[in-house]
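# Commentary on secondary and tertiary structure
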Amino acid sequence: MRILVLSKRQYTNRDLINDRFGRLWELPMALASSGDNITGVCLSYRRRDEGSHVDAQGGGRVTWHKLNIHRLLPWGARNYWRTIDEIGRDVRPDVVWACSDSLHAVLAVNIAKRLGSPLVIDLYDNFESFTLTRLPGMTTAFRRSLSQADGITCVSHPLAEYLRDRSLCRCPIEVIENAVPEGLFYPMDKSSCRRELNLPADGFLIGMAGAISRSRGVNFLFRAFEQFSMERPDAHLVLAGVRDKGLSLHQHPRIHYLGILAPKVVPVFLSALDMTVICNRASAFGNYCFPQKFYEAIACGVPMIAARTRVMRDVLKDYPGNMFDPENTDSLLVALRRQAARPVKLQIQVQTWPARARQLKKFFERVSGAR
């Protein structure tokens, strides 16, 4: 198939082009590796390098056209719309896959009509919870774009239910959960991983990777750890990822902050732990997002506890003891104690991105055939 991917460049605190990271990089590359013709237009909301960029891996090639957001204006030799028209002429896409936020969903309705191609909109989170939808009229325009799509892909079953209940879309919806890269996440020697990261060799290490943010309820983890650390003198809390500006990490001698890790170091971080924690709030964002670190931790064989959001209730329905109530210090503390006393490794099958890409390809063929 010939597929046009529309995406913003910076998402989940990474750069799609520079970091070659996550759902919006992995799925197009996996499709290309299986023989599909993939072209992407990557719009940066910050000033970055522009031009054509070819990404290659596993025999596949994805051509990305990098543009800054001012290129949406309808003048200049290298504007967004001229790039779209050139792709339409040269590639003639069988489907347009619009990803990353509400703006790209809105833009994609015009683009798909312009090219005469079926439109599939992807939601890797509940975009209505993003800051962008605070712009006047954006939520209405986003919901209208969903109603005009030929198909929708989204990251979780609760999000699919939300779309069916709250939007006007009547098109087919396919749940494409997140996954892990092939060959990167697997159990590693714990002692070696701790030495590599300069972490305590003999302690009981509890870790959290990702957004260290009040919006995810990390303050409740700090409070629970303070109590737990008094009960377990060998307990340490290890954090990695982007943190809120001004967020205090609590001046505790056994809290370690490793900063932002390169993607290839994340499995080392996870394998160094005795337990990992996924924090979130029961919010418009937290209830529908599918944490990237969930499958990564399972693939590394690390025991886990997670906030009981709607998504986690769905995927951990057989493991109620591995959840805690969101924004509840006492519940989190009980879960820490329970897993420390009797760790439970989740026996859940971990999917790779190529497997998700095969599912996505079948959905594209279904939508294209129906059109």
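Let us look at the structure shown here. All figures in this text were calculated on a predicted structure; none of them were measured in a lab.

Taken as a whole and judged by the stated rule, the model has 12 aromatic pairs. When the centroid spacing of 6.3 Å and the interplanar angle of 50 degrees are considered together, the rings of Phe204 and Phe228 count as tilted. Here Phe204, found in strand E11 (residues 204-209), pairs with Phe228, found in helix H8 (residues 218-231); they are 24 residues apart in sequence, far enough to count as distant. Judged by its relative accessible area of 2%, Phe228 falls in the buried class. These aromatic residues form a ring-pair network of at least three members: Tyr11, Tyr124, Phe127, Phe130 and Phe142. Note that Arg14 overlies the ring of Phe21, its terminal NZ or CZ placed 5.2 Å from the centroid. Cation over ring: Arg223 sits above Phe220, and NZ or CZ is 4.9 Å from the ring centre.

In this section: the pattern of salt bridges. In the structure shown here, the tally under the stated rule is 22 salt bridges. Among the salt bridges present, the one from Arg20 reaches Asp55, with a minimum N-O distance of 3.0 Å. Here Arg20 is found in the loop between helix H1 (16-19) and helix H2 (23-33), whereas its partner Asp55 is found in strand E5 (residues 51-57), with 35 residues between them in sequence. Residue Asp274 pairs with Lys190 through a salt bridge whose shortest N-O separation is 2.7 Å. Of the two residues, Asp274 is situated in the loop between helix H9 (266-271) and strand E14 (275-278) and Lys190 in helix H7 (residues 190-196); the sequence distance between them amounts to 84 residues. Residue Lys190 is classed as partly exposed on the basis of its relative accessible area of 32%. A single salt-bridge network, built from bridges that share partners, covers Arg9, Asp15, Asp49 and Lys66.

What counts as what
Residues numbered from 1 in each chain as written. Predicted model: local features only at pLDDT ≥ 70, side-chain atom pairs only at ≥ 80, totals over all residues. Heavy atoms only, no water. Phe/Tyr/Trp six-rings, centres within 6.5 Å; stacked < 30°, edge-to-face > 60°. Helix = DSSP H or I, 4+ residues; strand = E, 2+ residues; numbered from the N terminus. Buried < 20%, exposed > 50% of the residue type's maximum accessible area, 1.4 Å probe, protein only. Lys NZ or Arg CZ within 6 Å of the ring centre and 35° of its normal. Salt bridge = Lys/Arg side-chain N within 4 Å of Asp/Glu carboxyl O.

That's the geometry; what it means functionally is another story.
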